[in-house]
Amino acid sequence: MTDTIFALSSAPGRAGVAVLRLSGPAAHGVALSLSNRDALKPRHAHLATLSDPADGAHLDQVILLSFPAPHSFTGEDVVEVHAHGGPATVSALLAVLGQQPGLRLAEPGEFTRRAFHNDRLDLAEAEGLADLIHAETEHQRKQALRQMEGALSQQVEQWRAMLIGALAHIEADIDFSDEDLPDGVADAVRPKIVALHNELTASLASKGGERVRQGISVVVTGPPNAGKSSFINRLIGRDAVIVSAEPGTTRDLVDLHLDLGGAPIILTDTAGIRDADGIVEAEGIRRAQHRVAQADLVLHMVDGANPVQPVLGDGPALVLVSKRDRADGLDNLASGWADELGVPVAALSMKSDDGWDAAVGALENLVQDLTAIGTGDGAVLTRARHRQAVAACAEGLARFLAADGLPEELVAEELRLAMRALGRITGRVDVEDLLDVVFSDFCIGK
Ligand SMILES: Nc1nc2c(ncn2[C@@H]2O[C@H](COP(=O)(O)OP(=O)(O)OP(=O)(O)O)[C@@H](O)[C@H]2O)c(=O)[nH]1
Ligand SMILES: [Mg+2]
């Protein structure tokens, strides 16, 4: 028989209300044995006094909610206890629950894991739930909610259904073919496979979903004293990094988190790039260059007092020219560079409103492009795990399409492998090894 698990499901600490959750066959009986109630109407709130069955001592006045199987989050019998949210109250309740026969504290993610095993949600939806719990910006919240509500799962199931159809077609042919059947069946499903391959490729082309989930890395680079740290402080609205008139002020990489119009940004301040004498500064510059190479977006700050046109890499970039309050002609310079470099260039001042809104607007536009989800309809892949599965499927389809003249048994096997790769996203096929990875993202009580 399954254990009945329990845990604090709301955040620890002081709060008006703390929610404890019990799931499993003993949940209902234990709730009754601790309370002064002799029945709980399903999905109704009951005011109850809980006592320790060992000595009758009162524990708390609570609200009890019963969700009989299978209509609960986990698909098992679930009881929610809404108690007063003090740490001592919660500890006392957890201690008494731990002494009840058949009950044990839940492992991290165990409630959701049970929900998965009972088909209440699939793996992609469980990941969406984990992301929703961790969401810090509006874009993250919306994306996580969509995934939790099944947007990715439905897309994947649609793809899988298409592959199942194609496979059935080919297998029927294998089963019923006689010696001299024309080998054109693979050709009949070919257009569908081509269309699916294109869809998968479009989904893989967009990294927007992963960027929204993990944060968009924006690295601020440029010569010493250009105003990199000043820009960052003003953008995040506090003196997070040291600014000084001395070149070489910033030495280490400093990562700061920022919500830019709903998009999660990881903004990195770096050491100004120059030929440095000091070992520490030289190491800072080496790290800065390394991080620039990995950034989603590079923000080059040019010192408006001594404007030197930057040399850009291949990736998305924004060039800002500082100290517009002190030098003339920077706007003309900026528009000339924009034409030459083919990236947005704007002059601004950190000391006044001169050009500030336009510069931040340019940054926001670039971030928006980076988080855009491809052509619209494509499935939003939010994790490397999804990307690997879709890529494996696309490769299988490509091999199918290239396998002209091979026996149908072999090409059918390619489709079967491609289908299995997709199944790993929702977790309906050979997934045991994946479960720990997915559920390790959860905390106890979720
Ligand atoms: N007038 C004016 N001064 C600025 C502007 N931006 C930065 N400064 C000044 O320029 C100096 C250098 O600014 P920082 O923000 O420390 O420059 P940095 O690029 O971070 O420099 P390092 O950390 O040394 O690489 C400071 O004295 C700032 O107050 C600006 O737009 N206008
Ligand atoms: Mg600095």
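Residues numbered from 1 in each chain as written. Chains lettered and ligands numbered in written order. Predicted model: local features only at pLDDT ≥ 70, side-chain atom pairs only at ≥ 80, totals over all residues.

Caption draft 1: Spotlight on the overall build of the chain. Per the secondary structure count, the chain includes 15 helices and 12 strands. Taking 22 Å as the expected radius of gyration for a compact globule of 446 residues, we find that the chain reaches 29 Å, considerably beyond that expectation. In terms of its C-alpha atoms, the chain occupies a principal-axis envelope of roughly 80 × 80 × 40 Å. Across the 446 residues of the chain, 42% fall into the buried class. Put simply, 61% of the contacts in the chain that link residues at least 6 apart link residues at least 24 apart. (Helix = DSSP H or I, 4+ residues; strand = E, 2+ residues; numbered from the N terminus. Rg over C-alpha atoms; globule rule 2.2 N^0.38 Å. Buried ≥ 20, exposed ≤ 12 C-beta atoms within 10 Å, placed from the backbone. Contact = placed C-beta atoms within 7 Å.)

Caption draft 2: Geometry of the domain arrangement of the chain. Its domain assignment divides the chain into domain 1 (4–106), domain 2 (127–206 + 379–439) and domain 3 (212–371). For domain 2 and domain 3, the distance between their C-alpha centroids amounts to 41 Å. Among the elements that take part in the side of domain 2 that touches domain 3, helix α5 (residues 138–148) stands out by supplying four residues, more than any other. Along the lines of polarity and charge, the residues of the side of domain 2 that touches domain 3 split into no nonpolar, five polar and four charged. (Domains from an automatic or database assignment. Nonpolar A, V, L, I, M, F, W, Y, C, P; charged D, E, K, R; others polar.)

Caption draft 3: Inspection of helix α9 (residues 228–236) at higher detail. Looking only at α9, the buried set comprises Lys228, Ser229, Ser230, Phe231, Ile232 and Leu235. Following α9 by one or two positions, Gly237 adopts a phi angle in the positive range, close to 80°.

Caption draft 4: Examining the site of ligand 1 more closely. Neighbouring ligand 1 are 24 residues, the closest being Gly227, Ser229, Ser230, Thr250 and Gly272. By residue number, the principal contributor to the shell around ligand 1 is α9, which donates three residues. (Near = placed C-beta within 6 Å.)

Caption draft 5: Main features of unusual backbone geometry. Of note, the bond from Ala69 into Pro70 is cis; its omega dihedral lies within 30 degrees of zero at 0°. Note that Pro70 resides in the loop between β4 (58–67) and β5 (78–85). The backbone of Arg43 shows a phi angle near 55°, a positive value even though the residue is not glycine. Backbone geometry at Asn225 places phi at a positive 70°, although glycine is not the residue there. Structurally, Asn225 is set in the loop between β7 (216–221) and α9. Of the residues examined, Asn225 has 23 C-beta atoms within 10 Å and is grouped as buried.

Caption draft 6: Seen up close, the packing of helix α13 (residues 384–402) against helix α14 (residues 408–426). With their axes 8 Å apart at the nearest point, α13 and α14 run at an angle of 170° to one another. By the angle between their axes, α13 is roughly antiparallel relative to α14. Judged by the sense of rotation from one axis to the other, the crossing of α13 with α14 is left-handed. Along its contact with α13, which presents His386, Ala389, Ala392, Cys393, Gly396, Leu397, Arg399 and Phe400, the element α14 presents Val411, Glu414, Leu415, Leu417, Ala418, Ala421, Leu422, Arg424 and Ile425. (Axes fitted to C-alpha atoms, helices over the stretch in contact; angles between N-to-C directions. Parallel < 35°, antiparallel > 145°, perpendicular 65-115°, else oblique. Left-handed = near helix turned anticlockwise from the far one by under 90°.)

Caption draft 7: Here's a closer look at the confidence of the model for the chain. Of the residues in the chain, 91% have a pLDDT of 70 or more, and the chain-wide mean is 89. Long-range and interchain partners of residues 430–435, a stretch whose pLDDT sits below 50, account for six contacts in this model, where long-range means more than four residues apart. (pLDDT = per-residue confidence, 0-100.)

Caption draft 8: Region of the structure containing the pairing of strand β10 (residues 297–302). Of all six residues making up β10, six are buried, and the element is well covered by its neighbours. The alternating pattern of β10 places Leu297, Leu299 and Met301 on one face and Val298, His300 and Val302 on the opposite face, and all of these are buried. Summarising the sheet, β7 and β10 pair through four bridges and their orientation is parallel. Looking at β10, one finds that Thr221 is bridged to His300. (Pairing = 2+ DSSP bridges.)

Caption draft 9: Structural detail: the sheet that holds strand β9 (residues 263–269). Strand order in the open sheet formed by six strands is β8-β9-β7-β10-β11-β12, with mixed pairing between adjacent strands. Edge positions in the sheet fall to β8 (254–260) and β12 (345–347), since each of these pairs with one other strand and no more. When the angles between neighbouring strand axes are averaged without regard to direction, this sheet yields 25°. Where β8 meets β9, seven bridges bridge the pair, whose relative direction is antiparallel. If you follow Val254 over to β9, its bridge partner there is Asp269.

Caption draft 10: The arrangement of the environment of Ala135 in detail. For Ala135, the position within the fold is in the loop between α4 (123–134) and α5. Remark: the alpha-carbon pair of Ala135 and Leu145, spanning 10 residues in sequence, is separated by 9.6 Å. Residue contacts for Ala135: discarding those within four places in its chain leaves Gln140, Arg141 and Ala144.

Caption draft 11: Highlighting the sheet that holds strand β6 (residues 103–105). One open sheet accounts for six strands, arranged β3-β4-β5-β2-β1-β6; its pairing is mixed. Sheet topology places β3 (45–51) and β6 at the edges, where each strand pairs with a single neighbour. Taken pair by pair, the neighbouring strands of this sheet meet at an average axis angle of 30°, ignoring direction. Alignment of strand β1 (residues 4–8) against strand β2 (residues 15–23), held across four bridges, turns out to be antiparallel.

Caption draft 12: Region of interest: the environment of Ser229. Of note, Ser229 is situated in helix α9. Excluding anything up to four places from it in sequence, Ser229 contacts Val241, Ile242, Val243, Thr249, Thr250 and Asp269.

Caption draft 13: Focus on the nonpolar core. Ranked by internal contacts, the top residues of the largest apolar core, which has 66 residues, are Leu20, Ala31, Val79, Cys393, Leu415, Ala418 and Leu422. Shared between two domains, this core holds at least three residues of each, these being domain 1 (4–106) and domain 2 (127–206 + 379–439). Setting aside anything within four residues of it in sequence, one finds Ala418 in contact with Leu163, Cys393, Gly396 and Leu397. Counting residues in each nonpolar core, the second largest holds 42 residues, with Leu320, Leu330, Ala347 and Leu363 among its members. (Core = buried A, V, L, I, M, F, W, Y, C linked by C-beta atoms within 7 Å.)

Caption draft 14: The arrangement of the pairing of β7 in detail. Taking burial as the measure, the six residues of β7 include five buried ones, the bulk of the element. Across five bridges, β7 lies against β9 in parallel orientation. Across the sheet, Val219 pairs through a bridge with Thr268, a residue of β9.

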